[in-house]
Amino acid sequence: MKMTLKEMVEKIKSKEMTSEELVKSYIENILEKEPKVNAFLSLSCDEALEKAKEIDAKIAKGEALGKLAGIPIAIKDNICTEGVNTSCASKMLEDFIPPYDATVVKKLLEEDAIIIGKTNMDEFAMGSSTENSAFKKTHNPRNLDRVPGGSSGGSAAAVGADMCPISLGSDTGGSIRQPAAFCGVVGLKPTYGLVSRFGLVAFGSSLDQIGPFSQNVEDSAYMLNVIAGTDFYDSTSIRDLEVKDYTKNLKDGVKGMKIGIPEEFFGEGLDEEIRETVVKAIEVLKENGAEVSKFSLPIMKDGLAAYYIMSSAEASTNLSRYDGIRYGYRPEEFVDVEDLVERSRTEGFGPEVKRRIMIGTYALCSGYYDAYYNKADKFRTKLKYDLSKTFEKYDLILGPVSPVLPFKIGEKNADPLAMYLADIYTINVNLAGIPAISIPGGISKEGLPIGIQLMGDMLCEEKIFKAAYSLEQSLNVEL
């Protein structure tokens, strides 16, 4: 069995192994697997080894160390890292080197974590397969012919291929949970505002949330201890947050916990093997003492349209700053300012980003705002209300992560709508701002990972971790 993060740190601190040895072992995995997986856009192996030596020197001197001392971590390439290229996998930001660290990166470094590289993603986090990167396509480490999911596919693949024990991604409509399910790892989308977004390049500002990928539930909780907290650099950060230890009650079990299963999660389009995996998880939770029952929540079926209107509208606004004058790619030749802006955006953005900018701009146009964006916003308010009422009856909601298994590379490129439909079980979580986790639930006949999703009310991560840990231990999925 693989060591948890806590066990790794304890072994390093007690000198049973050195940080340098640990980092070298992961670098060896990267050198072996990265040429086939393509999880990283940039690597900092030499810098990681130097940092590891510094940590070992601190231990030799008896100096105090952080909670992640000597642990190599990969960061999604839309999270700013001082002095290290942050491109968002786009030609538009190909040469952008941030002059500061994102708050989450700062927190990791304060706890003596070691950043080993920046991971590939769908351009500006827009996509569900990591095929929309301007630089490379990432492959699923469990089956190289399949996609790793998206948009945080690189971060999920890096952990799934054991090229690092932990990584950070961002989740706007399922971009942590879906790739976690596809790559057979644990992916957490925290409550909106629990983890600072300062230094995260914006896609949909009211939807984006940073979260971890890990090998197990305990590591996810351990990681949230480090990155959660109020940040006054982020206006959407929740103020006066209570400091919690999410690992404290992790093993308390689910006895007496009420878990609801929306009937709408079992409709047309759900793969039969995924359905069977969720049913098995329900039985396991019952055996472990939880009260599990089905109920109807019709609004869950309609979130997809509202999500794509709202996220595209926010993307249109956020990406308007990239004009070749203030920010972003600038063409070598242009006639005037208008031509400069047009060429910059035409050449700098990829097809999926352009598609969403066009959808968002249309939804915000005079005459269409009330018909589209305003309706989507009203839907969101109703969704939040219905979910808050649901969580008065149930502690958690359980369901699938994706209606489909990891699909083949190139399989859905010609049909964007089919790609969007793959987010049907994840987008409502972002619209409502609630937390959710994806854990490995089983393996298909073809050997592909199947994920299970647990959702909770605002700031109920502790309940989610308890149920996820209980399921993880009982299912004991070995990929």
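Residues numbered from 1 in each chain as written. Predicted model: local features only at pLDDT ≥ 70, side-chain atom pairs only at ≥ 80, totals over all residues. Heavy atoms only, no water.

Using the following cut-off: UniProt positions are given in the numbering used here, feature names are shortened, and annotations may be inferred rather than shown by experiment.
The name given to the protein in an unreviewed UniProt entry is Glutamyl-tRNA(Gln) amidotransferase subunit A, and the organism recorded there is Clostridium carnis. Turning to the protein, the UniProt annotation filed under Sequence similarities (unreviewed entry) states: "Belongs to the amidase family. GatA subfamily." A UniProt comment under Function (unreviewed entry) is attached to the protein, and it reads "Allows the formation of correctly charged Gln-tRNA(Gln) through the transamidation of misacylated Glu-tRNA(Gln) in organisms which lack glutaminyl-tRNA synthetase. The reaction takes place in the presence of glutamine and ATP through an activated gamma-phospho-Glu-tRNA(Gln)."

**Some points on the pairing of strand β4 (residues 166-171)**
Heads up, the rule is: Buried means the residue's accessible area, taken with a 1.4 Å probe over protein chains only, is under 20% of the maximum for its type, while exposed means over 50%, and partly exposed covers the values in between. A run of H or I in DSSP counts as a helix once it spans at least four residues, and a run of E counts as a strand once it spans at least two, with each numbered from the N terminus. Two strands pair under a simple rule: DSSP has to find at least two bridges between them.
With respect to burial, β4 is a largely interior element, six of its six residues being buried. Burial along β4 is two-sided: Ile166, Leu168 and Ser170 and Ser167, Gly169 and Asp171, pointing in opposite directions, are all buried. Examined bridge by bridge, strand β2 (residues 72-76) and β4 share three bridges and lie parallel to one another. Each bridged residue has a counterpart across the sheet, and for isoleucine 75 the counterpart in β4 is leucine 168. With six bridges connecting them, β4 and strand β6 (residues 209-214) associate as antiparallel partners. Considered in β6, the bridge of isoleucine 166 is made with serine 214.

**Thoughts on the packing of helix α8 (residues 272-287) against helix α15 (residues 461-475)**
Cut-off, in case you're wondering: To obtain an axis, a line is fitted to C-alpha atoms, over the contacting stretch when the element is a helix, and the angle between two such axes runs from 0 to 180 degrees between their N-to-C directions. Each angle is binned into one of four classes, with values under 35 degrees roughly parallel, values over 145 roughly antiparallel, values of 65 to 115 roughly perpendicular, and all other values oblique. Two residues qualify as a contact provided that any one of their heavy atoms is within 4.5 Å of a heavy atom in the partner residue.
Between α8 and α15, the shortest axis-to-axis distance is 10 Å and the interhelical angle comes to 105°. Taken together, the axes of α8 and α15 lie roughly perpendicular to each other. Touching Lys280, Ala281, Val284 and Leu285 of α8 are Ala467, Leu471, Ser474 and Leu475, all from α15.

**Quick look at the pattern of salt bridges**
Our working definition: Salt bridges are defined as contacts in which a side-chain nitrogen from Lys or Arg sits within 4 Å of a carboxyl oxygen from Asp or Glu.
This model, assessed by the stated rule, comprises 18 salt bridges. Between glutamate 50 and lysine 53 there is a salt bridge; the shortest N-O distance is 3.8 Å. On the criterion of helical spacing, the pair formed by glutamate 50 and lysine 53 is a turn pair, its members being three residues apart in helix α3 (residues 45-61). Classification of glutamate 50 as partly exposed rests on a relative accessible area of 45%. Of the residues examined, lysine 53 reaches a relative accessible area of 40% and is grouped as partly exposed.

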